[in-house]
Amino acid sequence: MIDADEQLSDQQALARLASRARCSVLRLGHAAGGTGAHYGPALSLVEVMTAIYSMARVAPGVGTDLERDRVILSKGHGSLALYTVLHEFGHIPDDVLETAELDGTRLPGQPICDRELGIEFSSGSLGMGLGYGVGLALSARMMQSGRRIFVVMGDGETNEGSVWEAAMAATHFGLGSITAVIDVNDLQSDGATSDIMSFDHAAGWAGFGWEVIEVDGHSIPALQAAIAQKPSGRPRCILARTVKGKGISFMEAVPEWHHGRLTEPQYAEAHDELRGGEPR
């Protein structure tokens, strides 16, 4: 969790935060035991979630504040990135985080809406988050609110037709308050996204009338700069180019680590890689 003397405007502090979150993804996924965990989708999202929460107006414990920004994780299988980053920003207590993906937890493999913990959306079925975000943006307009809506999706998720119905609606209604962040890692559970359903995301989203920004999805400053760009009046799509399984060399860009179970030797190797040999 954030130390009292860490300044969130300090890029080194944010890098340390993301590093801790990545280590927690590994630890919690391994602690889930025989059920395994979605390591790949979570590890690719750590910097994305860190950048969003470093800039979103979402304070811990104010889930009833109507003016808060909304962060929607539509690719719910990246939940361990959401939980660990929310923990780092003070939304999820230590004791609750330690129960992630265990029986009876408030933090299951697919998130369940729990505004006390900063979780805004119940994920699971892919392709639903953007439509929900459009509804939130329309509500904000009706209430004359300046809150922003962030929807985090996977590139494989955009195979879902519901995504494009929502994309058209966002353009039609001129919803400049909504930002879609696409985790473009070119892998999904069945293989390479470019093989399963090839798509030019930059041209496609622009063709639907969205403002498109492409960034390195593991660069927190680049992500922050994209989020901070002056609104254009159009919905915004940030294409975050990432590596699935980022940070653990034997998982990086390997489809089998979309979901998996670590042996003890694998866990030790991954831990040493992330923590530089610190005691487990």
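Predicted, not measured: the structure shown is a model, and the values here were computed from it.

Parameters at a glance
Residues numbered from 1 in each chain as written. Predicted model: local features only at pLDDT ≥ 70, side-chain atom pairs only at ≥ 80, totals over all residues. Heavy atoms only, no water. Helix = DSSP H or I, 4+ residues; strand = E, 2+ residues; numbered from the N terminus. Contact = heavy atoms within 4.5 Å. Areas by Shrake-Rupley, 256 points an atom, 1.4 Å probe, with all protein chains shown as cover. Lys, Arg positive; Asp, Glu negative; His and termini not counted. Charge placed at Lys NZ, Arg CZ, Asp CG, Glu CD. Axes fitted to C-alpha atoms, helices over the stretch in contact; angles between N-to-C directions. Parallel < 35°, antiparallel > 145°, perpendicular 65-115°, else oblique. Left-handed = near helix turned anticlockwise from the far one by under 90°. Pairing = 2+ DSSP bridges. Core = buried A, V, L, I, M, F, W, Y, C linked by side-chain atoms within 4.5 Å. Buried < 20%, exposed > 50% of the residue type's maximum accessible area, 1.4 Å probe, protein only. Patch = residues over 30% accessible without salt bridge, like charges linked within 9 Å, V, L, I, M, F, W, Y side chains within 5 Å. Salt bridge = Lys/Arg side-chain N within 4 Å of Asp/Glu carboxyl O.

> In this structure, what is going on with the overall build of the protein chain? I would like to understand it.
Helix and strand content of the protein chain: eleven helices and seven strands. The principal-axis extents of the C-alpha atoms in the protein chain amount to approximately 55 × 45 × 35 Å. Counted over contacts in the protein chain with a minimum sequence separation of 6, partners at least 24 positions apart contribute 73%. For the protein chain, the computed accessible surface area is about 11600 Å², with 53% contributed by carbon and sulfur atoms. Here the protein chain contributes 22 positive and 36 negative side-chain charges, whose respective centroids are spaced 7 Å apart.

> Mind showing me how you'd approach the packing of helix H6 (residues 129-142) against helix H7 (residues 161-172) here?
In a pair of packed helices, the angle between the axes and the distance between the axes together describe the arrangement. Following both chains from N to C, one finds H6 and H7 inclined at 25 degrees, their axes separated by 8 Å at the closest point. Considering the angle they form, H6 stands roughly parallel to H7. In this structure, the crossing between H6 and H7 has a hand that is left-handed. Residues Leu 130, Gly 131 and Val 134 of H6 touch H7, and the partners they reach there are Val 163, Ala 166, Ala 167, Ala 169 and Ala 170.

> Mind showing me how you'd approach the side chain of Thr 50 here?
Along the chain, the position of Thr 50 falls in helix H3 (residues 46-55). Excluding anything up to four places from it in sequence, Thr 50 contacts Leu 14, Leu 17, Ala 18, Val 85, Phe 89 and Ile 220.

> Would you mind going over the sheet that holds strand E6 (residues 211-216) with me for this structure?
Sheets are built from strands paired through backbone hydrogen bonds, the pairs being either parallel or antiparallel. With parallel pairing, the five strands of this open sheet are ordered in space as E1-E2-E3-E7-E6. The two strands at the open ends of the sheet, each matched to only one other strand, are strand E1 (70-73) and E6. Direction aside, the axes of adjacent strands within the sheet are offset by 20 degrees on average. Against the sheet, H6 engages E1, strand E2 (149-154) and strand E3 (178-184), with an angle of about 170 degrees to E2.

> I'm lost on the environment of Phe 199 in this one. Help?
Structurally, Phe 199 is set in the loop between helix H8 (193-196) and helix H9 (201-207). On a C-alpha basis, the gap between Phe 199 and Thr 158 in space is 9.2 Å, while along the polypeptide they are 41 residues apart. Apart from residues lying up to four places away in sequence, Phe 199 is in contact with Trp 164, Gly 204 and Trp 205.

> Just checking my understanding: could you explain the nonpolar core for this structure?
Nonpolar side chains in soluble globular proteins tend to end up buried together. Within the largest apolar cluster, 55 residues are counted, with the highest numbers of intra-cluster contacts made by Val 48, Met 49, Ile 52 and Tyr 83. Here this core gets eight residues from one element, more than from any other, and that element is helix H1 (residues 11-31). With residues near it in sequence (within four places) discarded, Val 48 still touches Val 152, Val 181, Gly 217, Leu 223 and Ala 240. Of all hydrophobic cores here, the second largest spans 24 residues; its members include Leu 130, Trp 164, Ala 166 and Leu 175.

> Whenever I open this one, the side chain of Asp 114 confuses me. Can you help?
Within the fold, Asp 114 resides in the loop between helix H5 (94-97) and H6. The buried category is assigned to Asp 114, whose relative accessible area is 14%. Sequence-distant contacts of Asp 114, that is, excluding residues within four places in its chain, are made with Arg 106 and Ile 119.

> Before we go on, may I ask you to explain H3 in this structure?
Owing to its 3.6 residues per turn, the α-helix aligns residues three or four sequence positions apart on the same side. Among the ten residues of H3, nine are classified as buried, and the element is accordingly described as predominantly covered. Those residues of H3 not exposed but buried are Val 46, Glu 47, Val 48, Met 49, Thr 50, Ala 51, Ile 52, Tyr 53 and Ser 54.

> Please clarify how unusual backbone geometry should be interpreted in this entry.
If you check the backbone angles, Glu 101 has positive phi at about 65 degrees while not being a glycine. Here Glu 101 is to be found in the loop between H5 and H6. The buried category is assigned to Glu 101, whose relative accessible area is 18%. Phi at Ala 253 takes a positive value of approximately 60 degrees, unusual for a residue other than glycine. Here Ala 253 shows up in the loop between strand E7 (236-241) and helix H11 (264-275).

> I tried to follow a nonpolar patch on the surface on my own but got confused; where do I start?
Residues Leu 66, Met 142 and Met 143 make up a contiguous nonpolar surface patch of roughly 350 Å² in combined accessible area. Assessed through its relative accessible area of 72%, Met 142 is described here as exposed.

> What should I look at first to understand the environment of His 172 in this one?
For His 172, the location among the structural elements is in helix H7. With a relative accessible area of 64%, His 172 lands in the exposed category. Measuring from C-alpha to C-alpha, the distance between His 172 and Phe 208 comes to 9.6 Å, with 36 residues separating the pair along the chain.

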